Each structure stands twice: as C-alpha cells, then as structure tokens.
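# Reading the structure
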Amino acid sequence: MLCNKLYTFYFVLLFWALSSCGQQTSKKENKIMYTNALIHETSPYLLQHAHNPVDWYPWGDEALAKAKKENKMLLISVGYAACHWCHVMEHESYEDTVVANIMNKNFVCIKVDREERPDVDQVYMNAAYLINGNGGWPLNALVMPDGKPFFAGTYFPKDKWIQLLKYFSDLYKNQKQKLEEQADHLSKGINDIENVPKNTTSVSFSAITLDDMFSTLSQRIDMDKGGTKGSMKFPMPAIWEYLLQYYYFNKNTNALKAVEITLQHMAYGGIYDQVGGGFSRYATDPNWHAPHFEKMLYDNAQLVSLYSHAFQLTKNSLYKRIVYETIAFVKRELTSPEGGFYSSLDADSEGEEGKFYVWSKDEIKEILGSDAEIFSDYFGITSKGNWEPGKNIPDIIEGEKDIEKKYDLSADQLQNKIDELKLQVLKARGKRIRPQTDDKILTAWNALMTKGLIDAYEAFDEKDFLQMAETNIGFLLKNISTKENALYRNYKNGKATIPAFLDDYSFMISALIDYYQVNFNENYLQKANDLTQYVEQHFYDKTTGMYFYTDDQHSNLIARKMEVPDNVIPSSNSEMAKNLLLLGLYFENNSYESQSAQLVKNVIDDIKKNPSYYSNWAQVVALQIKPPYEVAILGNDWQQKLSEFHKQYLPNTIYLGGVNEGNLSLLQNKLVSGKTFIYVCENKTCQLPVESVEAAMKQIK
C-alpha cells in the first residue's frame, strides 16, 4: 500500500530521540483575552476552543486558502465534546501562550468536531493508523498546504508537543521535499485503504454460512462476563443483535446464552448508570465496572433496541427495566424542546472525570439515613471505595449477594425498595454540577434513537415511546430535509449547516421504514424511497457497487472514502444493504434487491472471517438466506393485530397494510369489507388469509 520509504517513521524515531526536557512556558492566560474564528460556530466542542490563544479556524475554504496563500502547513486537530483527553490537551497546550505562538507562527490551525465532520476525521485518522498502527482522539495531523498529511498522532504532553512542532517546522523550512514525498506516499496509502473491489464471482449462502460465522465469532466472546474478550469492554450492540437473530433461525442456545450474559453484566455493572439510567461509552476494565463516563446518544439508542428485542424473545423483566430507565434518561437529559436529541454528556465535570456519578459512603448515609446500608450493600459502596480511594461507582456486580435473605425481603420488595432509594439519590445528584451537554443534534444519531424508541414501543406498547419517536421524525423532516430530498448532518440554534453523509441517509431511511411499520402511513415509506433515490444519484459507485461516505456535490478531501466495517455504530454501507433489501420488497424493486446482494458479495470474505466487525453485514446475510416474510394486515382492526405481532421477536418479518389498500402492489385486491385479514407472504407468494395472529404465526415458519 505504502512505499517502503515511509519517512514518517524516521521522523518519529528522531523526534522521540530528542531530549525529553520540557521547556518553560508561560502560565495560562485568561481565556477572555483571546477570541478566534471558532466563535462563529455552533458546535459546543468548537466553541470550547473559541477563546484559546491558538488562532483556530473551522474546517473550510478560508483556512485551506490561507494555508496555500501563506505557504504554511496545516495543523488539523480533531476531537469531540465528551472526549476526556481532548480536554487535557487543551488545558496543557492549547491554552498556553507559548505553545500557541509556535502553532500560530508555523501552521494554519484547524479545529474539527469529529461528530460534525466524520469525513475529515476518517481521512486523517487513516493517516494515524498507517503511521502508528493505531488511532484515537484527540487526533492531531500535520498536513501540507494541499491537504496531504505527513504526520498524525493522538495525545501529546506539552513538552513533547512543543518538540514535535519545532522539529517539523524546521524540516518544512529546510527539507521540505522530504515532507512532500512522505505526504504523497501517505496519501496514496489513505486512498488504498478500504478500496473494495466489485466481486463478480458467484456467491451462495446457506444456514451453514451462519453456523460458521457463529463459530468464528464465539471464539471472541467472553462467556463468563459477557462482551468480547479484552481488557476493556465495549457494548457493540450489533454483535448481540446478530446473535439474537442467529438464535431465532438456528436455536443455538450458546448464541442466546452469550447475549443474556452480556446484557445482564452490562445492566448490573458500573457501565450502566444505576442511579439515573443510561449507559456510558465503555468500561475500562473486563468486569464492566469502571466506565469512561461519557454518555453517547448512539450507544443508548442502539442498546434500547437491543434490550427491547431481547425482551421480546425472553420476557426478562430486567431488560424492560433497563429500556424504561434508559429512555427516561434520554428524555430527561438529552432531549431538546423541539424534540431533537442531543449528542452526548461529557465524561468530566468540574475538571474531574466521573465526579458527577461517584459517591462516598458518607454521602450516601447523609442522603438515605437508615436506608443507606441496604443501598450500599446492593451497589457495592464501601468506605474504602470500589473505584478510587473513598469513591464508589454504584455497581450491582460489586454489591453483596443474597441481599433478599439479609434484609428478609422478596425479590420484588427489594427491587421496589432500591427503586425508591435511587430516586432519592438521583434527586441529590441533581444538585451537583452536571457534565456539559453537547447539544448539537446529529441526523444519524437521532435516527438511531428514533429506531430505538420504535423498537421499545413495539415490545412494550408504551405510547409515550411512540410519541417521542413521532416528534423526532417530524422535527428531522422539518429541519434537516430539503425539497430535493437532500439531508443535513447537523442542527443547532435553528441552523442546519453541514451536508449529510451516508450514515445520516442510511439511518434516516431505516428509521422511516421502521416508522411506517407502526403507523402504515405510506408517506414515510415513500420518503424513505425518495432518500434512497438521492443516495443512488450522489453516493453510489457503479464501479464497485458500494457507496461513498460523502455526497459527490460536497467531496473536497484528498480521498473519497467508503465506510465498510461495522464498529460501535453499524457501517453506512451495511445499513444501506439492509435498507435496499427491505425497500426492494415493499416496492417490488428488483434493482434494489440486486444491489443489496452485490454489497454483501463484495465483503462476504470479510464477513465470514471477522463477523465481530461485520455483524450488521451478517444480519443482512441472514436475511438473504432467510428472506423476510411480508405480513399484510388490512381492515379496521389492523392496529390491534399489528400490536400482537410486535410483542414477539420476529427478525425476518416486515409489515404493511392499513384500513385501505394504499399504493403498494402487495396490498392490491386484499381488502375485504367488514373484515380484518392477515396475509403472510414470502417470495411474492401469499398464503391463505387468516383473521387471527395465532393462525398467522403458524404460517411463519
């Protein structure tokens, strides 16, 4: 991929060989003494840096033109509002005037909110991976005026950062050709990454394919504590969604066991906010105990879906409680007055990670009095502390066993008691200084949350969940959608400014498909189809059969990338593969179905070899092996019958219908006056109509 002459490695070795003696720098100046171009932005993360002495610019034509005009290197720093080490580097370096002077003298400095501009982050993160073998945030890339990077890394302590800046500044002045050569080599490597060729060979799938993928995936699963094996634990909802689906098809009890162990440990561990609901980003240990305390909308959205689906299958009351508490958290702390959903809560408050969420035993005693002991026993709170000295993360796994016996309570009595005490602790926590809310509204993450709410509504028939979803869909269609069926990425302070990326389209389309399946209003299904047509026109690559991440009207980076593997969020290409399959059924569009199949064919080898990073793809494979049933419900009682279906876990069933036949071909000539009939159809063939859900279920094998 890259030429063997990777000058960057030489530079890095030279840099670390430099003396580690730090330079004396001036004390931090008062922030209000400085204002830079970020003051005009809406991103909370960018605004955090608007009063740095660094002369930051947002990503855009002005900064890029300035670098070319002044023949200066670009310094592109990427982070996000809830990133702990981003804050650390800001306090150590970007607020320091001596560091800022070095940066301002030698570079045009650009600050990027990676959640607003994942396209920029993707390109320069690839540079970091090629150079270092890993990446992360803050991401700091040093770049030639034409946008080609020659160096990229993550967090640097202040003294190392100063040395690095001076080293490359000197090299740019005296040996610029070396940097140009390195930038060319590195840019070629970036363009080669995830270059997916079109697979023109014949590919077939079978139930054995699913078995083989589970066999591969199971080697990575921690069957003792749940999650995947490793020193840290990430929720990775798409993996467990796939295993639920696989269990439904194959009845492999080990698959269900893996899901249940994971869901229980996440729900009982410190990664879950036991007091206020909702999940933190990940656990820093293998026991799900000590979280990185940032709380992201996209994690909670997907976990609401996962726990709802698991409840449909198992009827485990724990899963219901987690869904209700998590949605309550989102409604309380991440919902805008207009019905949009904010992006995240910071990990830090008052400059300290986790301070808002941890407790001393004395604090619990002061709040709960004589009930403090049962609360502390239940959540593992001790005088010594279960996290840092004297500080405790409420964690049921850390708590004592046999609490019911110790306090002579039934399981229900204990849960009611704990719920009552949690409300008191939550009220007391409300008096603390809250972590900062990143109140920008992102289309893709909002669509994921709406999908979660719809899934929860289906599982529990809770009208409030549906109302939240309806409000959010209405908000998005009003504020981020154009008459030309283009979308915007972001919304804040009445403005939508950034053209949407493929994940925004793919999850919005998916949310609209889901929304149609609870209200049978064809306008939403048609909107999903309209958005898909826009994606076909502006994102589709005919050469590979894949989709680019950026709109062809708004692609001005050194590489136009594709998002292929699934990660903490399913990839936009895998979600489009799922959307095309479903829309192909609804609209009898063979082209959509063929495109979905081609997308899977292109990455089938990767799906089989590494299903943990292709788990949303694996779900599409399963749907191609076990094509969805199309359940048409027509008549006045469609809502009641649809609700009965929704209470069950049916991952390869889609729904359509209403009080009339509408415009979908499959519904034509199926309405019978005075009756509500259910038609179970598969592969364009419908079985005899029935009137009861029980009878229809016998037709779904």
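Residues numbered from 1 in each chain as written. Predicted model: local features only at pLDDT ≥ 70, side-chain atom pairs only at ≥ 80, totals over all residues. Heavy atoms only, no water.

Residue-level pLDDT values for the protein chain average 93, and 95% of them are 70 or greater. Here residues 1–31 scores under 50 on pLDDT; set against residues more than four positions off or in separate chains, the count is 64 contacts. (pLDDT = per-residue confidence, 0-100. Contact = heavy atoms within 4.5 Å.)

Moving on, we get to the state of the cysteines. Inspection of every chain in the model, using the stated rule, returns two disulfides. Across a sulfur-sulfur distance of 2.3 Å, Cys83 and Cys86 are joined as a disulfide pair. Of note, the bridge from Cys83 to Cys86 carries an S-S torsion of about 80° and is right-handed in sense. The same class applies to Cys83 as to Cys86, namely buried. What pairs with Cys681 in a disulfide is Cys686, and their sulfur atoms sit 2.0 Å apart. Here the S-S torsion is close to 95°, and the disulfide linking Cys681 with Cys686 is therefore right-handed. With a relative accessible area of 1%, Cys681 lands in the buried category. We classify Cys686 as partly exposed; its relative accessible area is 29%. (Disulfide = S-S within 2.5 Å. Buried < 20%, exposed > 50% of the residue type's maximum accessible area, 1.4 Å probe, protein only.)

With that settled, the discussion passes to the pairing of strand E2 (residues 73–79). Within a regular beta strand, the side chains point alternately toward one face of the sheet and then the other, so they alternate between its two faces. E2 sits mainly inside the fold: seven of its seven residues count as buried. Burial along E2 is two-sided: Met73, Leu75, Ser77 and Gly79 and Leu74, Ile76 and Val78, pointing in opposite directions, are all buried. Note: E2 against strand E3 (residues 107–113), seven bridges, orientation parallel. By the bridge assignment, Ile76 is partnered in E3 with Ile110. Bridge count for E2 against strand E4 (residues 139–143) is five bridges, and the pairing is antiparallel. Residue pairing for E4: Leu75 is matched across the bridge by Leu142. (Helix = DSSP H or I, 4+ residues; strand = E, 2+ residues; numbered from the N terminus. Pairing = 2+ DSSP bridges.)

What follows is about the sheet that holds strand E18 (residues 653–658). In space, the four strands of this open sheet follow the order E18-E17-E19-E20, with mixed pairing throughout. The outermost strands of the open sheet, each flanked by one partner alone, are E18 and strand E20 (685–686). The strands that helix H25 (residues 638–646) touches are strand E17 (629–634), E18 and strand E19 (677–682); relative to E17, the one it contacts most, it runs at about 150°. (Axes fitted to C-alpha atoms, helices over the stretch in contact; angles between N-to-C directions.)

Peptide bonds are trans in most cases, and residues, glycine excluded, mostly fall at negative phi. A cis amide bond links Trp137 to the next residue, Pro138, at an omega of 5°. Of note in the backbone geometry, Asp408 takes a positive phi value of approximately 55° without being a glycine. Among the secondary structure elements, Asp408 is positioned in the loop between helix H16 (403–407) and helix H17 (411–429). A positive phi angle, close to 65°, is found at Asn669, a residue other than glycine. Looking at the element boundaries, Asn669 is found in the loop between E18 and E19.

If you roll a probe as big as a water molecule over the atoms, it shows you where there is empty space left. Under the defined criterion, the tally for this structure stands at three cavities of 30 Å³ or more. What the largest cavity holds in volume is close to 780 Å³. What lines the largest cavity is a set of 37 residues, among which His309, Lys451, Asp455, Asp514 and Lys578 lie closest to the centre. Looking at the lining of the largest cavity, the elements with two or more residues in it are helix H10 (237–250), helix H12 (297–314), helix H18 (443–460), helix H20 (502–519), helix H22 (572–586), helix H24 (615–625), H25 and E18. Residue composition of the lining of the largest cavity, grouped by class: 16 nonpolar, 14 polar and seven charged. Its volume calculated, the second largest cavity comes out at about 100 Å³. If you go around the second largest cavity, you meet 13 residues; those closest to its centre are Gly270, Tyr272, Asp273, Gln274 and Tyr357. Its residues placed into classes, the lining of the second largest cavity shows seven nonpolar, three polar and three charged. (1 Å grid on protein atoms, 1.4 Å probe; cavity = no way out; pocket = protein on both sides within 12 Å on 5 of 7 lines; lining within 4 Å. Points joined across faces, edges and corners; volume = space filled by probe spheres on them. Nonpolar A, V, L, I, M, F, W, Y, C, P; charged D, E, K, R; others polar.)

With five of five residues buried, E4 is to be regarded as a mostly interior element. Here E4 shows no split at all, with Leu139, Ala141 and Val143 on one side and Asn140 and Leu142 on the other all buried. Two elements, E4 and strand E5 (residues 149–153), share four bridges in a ladder whose sense is antiparallel. Looking at the pairing, Leu142 lines up with Phe151 of E5. Here E4 folds back onto E5 in antiparallel fashion, the turn holding five residues, of which Gly147 has a positive phi close to 95°.

What follows covers the packing of aromatic side chains. Per the stated rule, a full pass over the model turns up 37 aromatic pairs. With a centroid separation of 5.8 Å and 25° between ring planes, the pair formed by Phe279 and Tyr307 is classed as stacked. Of the two residues, Phe279 sits in the loop between helix H11 (253–268) and strand E6 (282–283) while Tyr307 sits in helix H12, which places them 28 residues apart along the sequence. Here Phe279 and Tyr307 have matching classes, each one buried. Seen in terms of ring centroids, Phe520 and Trp638 are 4.8 Å apart; in terms of plane orientation they differ by 35°. Their pairing is tilted. In this pair, Phe520 sits in the loop between H20 and helix H21 (522–538) while Trp638 sits in helix H25, placing the two residues 118 residues apart along the sequence. Pair check on accessibility: Phe520 and Trp638 agree, each one buried. Through successive ring pairs, a cluster of aromatic residues spans Phe150, Phe151, Phe156, Trp161, Tyr167 and Phe168. Lying across the ring of Tyr248, Lys251 places its NZ or CZ 5.1 Å from the centre. Of note, Lys670 hangs over the ring of Tyr679, and the distance from its end group to the ring centre comes to 5.6 Å. (Phe/Tyr/Trp six-rings, centres within 6.5 Å; stacked < 30°, edge-to-face > 60°. Lys NZ or Arg CZ within 6 Å of the ring centre and 35° of its normal.)

A few words on the sheet that holds E4. With mixed pairing, five strands are arranged side by side in an open sheet as E1-E3-E2-E4-E5. This sheet does not close on itself; its edge strands, each paired only once, are strand E1 (57–58) and E5. One ladder, built from two bridges, connects E1 with E3; its direction is parallel. Across the sheet, Tyr57 pairs through a bridge with Ile110, a residue of E3. Running over the sheet, helix H3 (residues 61–70) touches E1, E2 and E3 and is turned about 160° from E3. The strands touched by helix H6 (residues 118–132) within the sheet are E2, E3, E4 and E5, with E5 carrying the most contacts at an inclination of about 80°.

The next thing to look at is the layout of surface pockets. Here the second largest pocket is characterised by a volume of approximately 520 Å³. The wall of the second largest pocket is formed by 18 residues, among which Tyr268, Arg321, Tyr378, Glu404 and Gln415 lie closest to the centre. Of all the secondary structure elements, the ones that give two or more residues to the lining of the second largest pocket are helix H13 (317–333), H16 and H17. The dominant element in the lining of the second largest pocket, judged by the number of residues it contributes, is H17, at five residues. Broken down by class, the residue content of the lining of the second largest pocket amounts to eight nonpolar, four polar and six charged.

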